[in-house]
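# Observations on the model geometry
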Amino acid sequence: MRWTGIIERYREYLPVNDKTPVVTLYEGNTPLIPIKQLSKITGLQVFIKYEGLNPTGSFKDRGMTMAISKAKEKGAAMVMCASTGNTSASAAAYAAAAEMKCFVLIPDGNIAMGKLAQAMVHKAKVIAIKGNFDDAFHLVKGISADYPVELVNSLNPFRIEGQKTAAFEICDFLGDAPEFHAIPVGNAGNITAYWKGYKEYKSAGKSQALPKMLGFQAAGAAPIVHDRIIEHPETVATAIRIGNPASWKAAVQARDDSGGLIDAVSDQEILEAYKILAGAGIFVEPASAAPIAGILKLNTQGYFKNHAAQRMVCTVTGHGLKDPKTAMQDLAQPVAVPADRQTILKMIGL
Ligand code: AN7
């Protein structure tokens, strides 16, 4: 069957009707890839849900096809969001597809280059503010409440509806829900969406089990872990540099209802996990390495010792190409040499 996006595939589980104009870039249907390097270390069956392969390179597209389609249905001409980068890239692309205007507020100097380029090529109006994501989010909430512009951050319930389809895909692929699901937590929409998806699929009789939800925040931006707002969040994982998440309560509920946890991982642990994935052929952005760092941390604490061979799915949320600067940070640029066979053979050691 030809894949034409998450709304067509999972229509019966989504708040759409025959009159909803479906704005899609054929997002979803991302691969669930076994990573033997991680299975070997943990003794679990570890898979990654490679969300970097969505049309704009992140999981946000699942939510954005819903948010923009519903905005279009309502007759909206303008959408707006605050973003650490991926939401703005996705909003800009789907708004372009829908021929709508898009305004994005970003924290100046703290979004990865690829994401900024995306928002700009799709002709969103990009406004960098002297403040962080939380400041930007506060502003867009106020403006969208007072003016005819649709908010497409994950406070918009249609975003969560779209993003829950990733859980459906995982159950369809595995035949049931996995025992564990690990995921990065920033504004906390995605952990909320997955938990909703897993519960709904079980209620519909499409799966039998529910996973333990394991959320991971960056140590310098871990409000849920510390149970307090972080005024000045800091982390190399700029996507999750968020101190006051919108879906805080729902994330705590997903954690507690599933018998899981939300923990913090240091930037160093994130970058080590990032390199392990790269070594396995998978290129992600730093925030996406947080769940890998998290399960490795839990593994050293013995958390999985009675769970041999159980299934672990880690959502890796964004593509590595989003953030080439971090990728190249501690790598030497190649030095140009003469275009000559002998030189090349000597360099390769042949
Ligand atoms: C790669 O783009 O918040 O916990 O404004 O880009 O659902 O917020 C991005 C978040 C994880 C966290 N991984 O997801 C934004 C934004 C990547 C991300 C998260 C984000 P949520």
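Within this structure, the stated rule accounts for eleven aromatic pairs. Joined through ring pairs, the aromatic side chains of Tyr-10, Tyr-13, Phe-168 and Tyr-201 make up one cluster.

Moving on, we come to the nonpolar core. Of all hydrophobic cores here, the largest spans 35 residues; its most connected members are Ile-48, Leu-214, Ile-292 and Met-312. If you list the elements that add at least two residues to this core, you get β2 (45–50), β7 (180–184), β8 (212–218), β9 (261–265), α12 (267–279), α13 (290–300) and β10 (311–316). At six residues, the largest contribution of residues to this core is made by α13. Setting aside its immediate chain neighbours within four residues, Ile-48 contacts Pro-31, Leu-32, Ile-33, Ile-35, Leu-277, Ile-282, Ile-292, Cys-314 and Val-316. Residues Ala-167, Ile-170, Trp-195 and Ile-224 belong to the second largest nonpolar core, which totals 31 residues.

Here we take up the pattern of salt bridges. What the rule picks out here adds up to 17 salt bridges. Several salt bridges share partner residues, and in doing so they unite Lys-49, Glu-51, Arg-62 and Glu-169 into one network.

Examined against the element boundaries, Arg-311 turns out to sit in strand β10. A distance of 3.4 Å separates a polar side-chain atom of Arg-311 from the backbone oxygen of Ala-177.

So, on to the sheet that holds strand β3 (residues 78–82). What the four strands build is an open sheet, ordered β5-β4-β3-β6; its pairing is parallel. The sheet is open, and its two edges are formed by β5 (125–129) and β6 (150–151), each paired on a single side. In this structure, β3 lies alongside strand β4 (residues 101–107), joined through five bridges in parallel fashion. Note that in β4 the partner of Met-78 across the bridge is Lys-101.

So, about the packing of helix α3 (residues 60–74) against helix α4 (residues 86–98). Contact pair α3 / α4: the axes reach a minimum separation of 9 Å and the direction vectors enclose 40°. The orientation of α3 relative to α4 falls into the category oblique. The way α3 lies across α4 gives a crossing that is right-handed. Residue-level contacts link Lys-60, Asp-61, Met-64, Thr-65, Ile-68 and Lys-72 of α3 to Asn-86, Thr-87, Ser-90, Ala-91, Tyr-94, Ala-95 and Ala-98 of α4. Among the residues forming the contact of α3 with α4, the class breakdown is six nonpolar, four polar and three charged.

Turning next to α4. Its 13 residues give α4 an end-to-end C-alpha distance of 18 Å, which sits within 8% of 18 Å, the value for a rise of 1.5 Å per residue. Across the 13 residues that make up α4, a large majority, eleven, are buried. Within α4, the full set of buried residues consists of Asn-86, Thr-87, Ser-88, Ala-89, Ser-90, Ala-91, Ala-92, Ala-93, Tyr-94, Ala-95 and Ala-98. Residues of α4 that are buried make contact with α3, β3, β4, α5 (113–121) and α7 (157–163). Positive backbone phi, approximately 55°, marks Glu-99, located one or two places after α4.

So, on to the sheet that holds strand β1 (residues 32–34). Read from one edge to the other, the open sheet built from six strands follows the order β1-β2-β10-β7-β8-β9, with strand pairing classed as mixed. Edge positions in the sheet fall to β1 and β9, since each has one partner strand and no second. The mean angle between the axes of side-by-side strands here comes to 25°, regardless of whether they run parallel or antiparallel. Examined bridge by bridge, β2 and β10 share six bridges and lie parallel to one another. Among the inter-strand pairings, Lys-49 is bridged to a residue of β10, identified as Thr-315.

Criteria and cut-off values
Residues numbered from 1 in each chain as written. Predicted model: local features only at pLDDT ≥ 70, side-chain atom pairs only at ≥ 80, totals over all residues. Heavy atoms only, no water. Phe/Tyr/Trp six-rings, centres within 6.5 Å; stacked < 30°, edge-to-face > 60°. Core = buried A, V, L, I, M, F, W, Y, C linked by side-chain atoms within 4.5 Å. Buried < 20%, exposed > 50% of the residue type's maximum accessible area, 1.4 Å probe, protein only. Helix = DSSP H or I, 4+ residues; strand = E, 2+ residues; numbered from the N terminus. Contact = heavy atoms within 4.5 Å. Salt bridge = Lys/Arg side-chain N within 4 Å of Asp/Glu carboxyl O. Polar contact = N/O pair within 3.5 Å; in protein donor to acceptor, adjacent residues only side chain to side chain. Pairing = 2+ DSSP bridges. Axes fitted to C-alpha atoms, helices over the stretch in contact; angles between N-to-C directions. Parallel < 35°, antiparallel > 145°, perpendicular 65-115°, else oblique. Left-handed = near helix turned anticlockwise from the far one by under 90°. Nonpolar A, V, L, I, M, F, W, Y, C, P; charged D, E, K, R; others polar. Expected span 1.5 Å × (residues − 1).

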